[in-house]
Amino acid sequence: MKTILKIALGIIAAIGGFLDIGDLVFNTQAGALFRYDLLWAVMLGTIGIAVYAEMSGRVAAVSGRPVFDVIRMRMGFGLGLLALIASTAVNLLTVAAELGGIAIVLELLLDAPYSMFVVTAAAALVLIVALLPFGGIERLFGYGGLVLFVVIATVFHQDPDWGAVAHGFVPSLDSSTLYLYFVVGVFAAALMPYEVHFYSSGAIEEGWTEENLKENRLNAILGYGIGGVLSVGLVIVSGYLFHPIGVEPSDLGTVALPMQGAFGETGLLLALGGILFCVGGAAIDSSFAASYNLAQFLGWEWGRYQGPRKAPRFTASWLVFLLLGIAIAQSGINPVEITEYSVVFSVVALPLTYLPVLLIAGDRSFMSEYANGRIATFLGWLYFAVIVVLALAAIPLLLATNGGGG
Amino acid sequence: MPGTSRKRVLSPALGLLAAALLLTSSGCGDLSNDELNRGVESLSALAAQGQLVANGVARDATKTTYARAMARTLGEESEHEAEKLADATLEEPETEDQRHAAVAVAGEISGLLSELQTFPGDERHGELVEKHLAEAQEKADAIVAQLSGDAP
């Protein structure tokens, strides 16, 4: 019973770490612009993150090494440093976007100045991290994020054309650059590198060993799977409500409109609450991921479980990343715009993150009987090929579509 | 903020990228027919989004803080779009009438959203704003149809 409860909690925590401002924005925009046509890309991205999260969690549990340790070990200092710079830049933009996201939701709920809420949001995160243990932080945002299931209730309330929805899961080719840009965006939003950085480091924080491998697999498949269901729900509700009338969502508040349409003020409040917990959890995950990477690459003591006294440089770097995130969020850049750039630029960093994980997880001399089996190897290389193609296409598509502006 | 700070302002790095984009895609500040079209489509999209917000107010199915903040943000985006359209030099001077009409529609949308921002808890105002935004969207769509040669 205790094991089942622990697994259930892990699954919930995984949901909290999956949906972030990038998923909320790109999936809503994808539905508004292309109705249900990009559901297959959401599904593809969800399977991809589950495959690589499972691998990174397995490597961490078996070897005690989180992702960035593996990157440095497998790729050496030069390429490792490149990966560190790329992922830190993307993580920093993500932290800023998530802080901005929290501030926007608070502004929508309380109608006070945005700039005040950015600082308030960061202060609240520091307080939460100071007061709660690692597992408690994960559960707080995981449980809170569950209220976003109002999106699924909205799907059934809308009762869309289910045939068209089903057809959306069949990959379709559209030659428009905007469509291809959104394929990249939706896929990349699901596979943001900070997610595996945080997931694998979290496995070390929680002291996982080989005994936790089943838990790891269930967390990765069900946790990210349920997160994927919510992403699919966002595309559907947006495609149903926004696509026919030509709405182009450009603000985080727009994400909540379909739930308001279905359930009035209650739906609106549940949606805004769910968004708040999702972006709050992602702010913590991405800021921790930035500090994990730096500490692991430079060989510092790291981990929330160690506390500030035993891991002072790790703790200080986390605060610095948070402060830099505040500075970016306060600079006047639209958080949604920061999100779009961070998601698309993250695609370029994806191969540097995922190749070392794939190589180590498949290395029998390192992982012995826990190395990738045939299915994991096949899926890992298949996804890596997709990641490389998207990494090459991401920047040209960003330029060609004027950042998704058409 | 968001009023002012959530405007689409880019950081220096992103600004460089945007400048490169503008140079390559918009002919150094001139507004092409496609870009004018795109700007008017954005106005139509803003009017559509405003209708949904106003509908929430009309049905008493929203939170006033949400309606006010959304109306403010959408209104600012509409103003920003109007400024962009008004300031640019047209590549094709024969579309001057459409540009003027688009700027007028942008002003109309902005004014309606401002009214919603002032009365986010008034159902009657919500109903009227929703209706007028629908009319503004029709006007924007008509301009798009003229620009793309689909008008009757």
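Residues numbered from 1 in each chain as written. Chains lettered and ligands numbered in written order. Predicted model: local features only at pLDDT ≥ 70, side-chain atom pairs only at ≥ 80, totals over all residues.

## Quick notes on the overall build of chain A
What counts here: Where helices and strands are cited, they refer to DSSP runs of H or I of at least four residues and of E of at least two residues respectively, numbered from the N terminus. Radius of gyration: C-alpha atoms only; globule rule: 2.2 Å multiplied by the number of residues to the exponent 0.38. Counting other C-beta atoms within 10 Å of a residue's C-beta gives its exposure: the residue is buried at 20 or more, exposed at 12 or fewer, and partly exposed in between, where C-beta atoms are placed from the backbone. Contact definition: two residues whose C-beta atoms, as placed from backbone geometry, lie within 7 Å.
Summing up its helical and strand segments, chain A has 17 helices and zero strands in all. Relative to the 2.2 N^0.38 estimate, which gives 22 Å for 406 residues, the radius of gyration of chain A is 20 Å and therefore close to what a compact globule would have. With the C-alpha coordinates aligned to their principal axes, the bounding extent of chain A is approximately 55 × 50 × 45 Å. Taken across its 406 residues, chain A has 60% of its residues classed as buried. Taking as baseline every contact in chain A between residues at least 6 positions apart, the subset at least 24 positions apart corresponds to 85%.

## Considering the nonpolar core
All names here are of chain A. Worth spelling out the cut-off: Think of a nonpolar core as buried Ala, Val, Leu, Ile, Met, Phe, Trp, Tyr and Cys residues chained together by C-beta atoms that fall within 7 Å.
Core analysis: the biggest nonpolar cluster contains 182 residues, and Leu99, Ile275 and Val357 have the highest contact counts within it. Take this core: its biggest share by element is 22 residues, from helix α12 (residues 257-298). Those residues in contact with Val357, other than ones at most four positions away along the chain, are Tyr52, Met55, Ser56, Val59, Val67, Val70 and Val196.

## Quick word on the environment of Thr209 of chain A
Residues and elements named next belong to chain A. The topology assignment puts Thr209 in the loop between α10 (193-205) and α11 (213-241). Residue classification places Thr209 among the exposed residues on the basis of 11 C-beta atoms within 10 Å. Distance in space between the C-alpha atoms of Thr209 and Arg58 is 8.7 Å, their sequence separation being 151 residues.

## Notes on the confidence of the model for chain A
Low pLDDT means the predicted atomic positions in that stretch should not be read closely. Cut-off, in case you're wondering: Per residue, pLDDT captures the predictor's confidence, and it can take any value from 0 to 100.
Averaged over chain A, the pLDDT score is 90; the fraction of residues at 70 or greater is 95%. Within chain A, helix α7 (residues 150-158) of chain A carries the highest mean pLDDT (98), whereas helix α1 (residues 2-18) of chain A carries the lowest (64).

## Digging into helix α9 (residues 177-190) of chain A
Residue and element names in this part refer to chain A. Quick reminder of the rule: The span expected for a helix works out to 1.5 Å for each residue beyond the first.
Spanning 14 residues, α9 covers 20 Å between terminal C-alpha atoms, matching the ideal 20 Å at 1.5 Å per step. Residues of α9 that are buried: Tyr181, Phe182, Val183, Val184, Gly185, Val186, Phe187, Ala188, Ala189 and Ala190. Packed against the buried residues of α9 are α2 (21-34), α3 (39-63), α11, α15 (335-361) and α17 (374-400).

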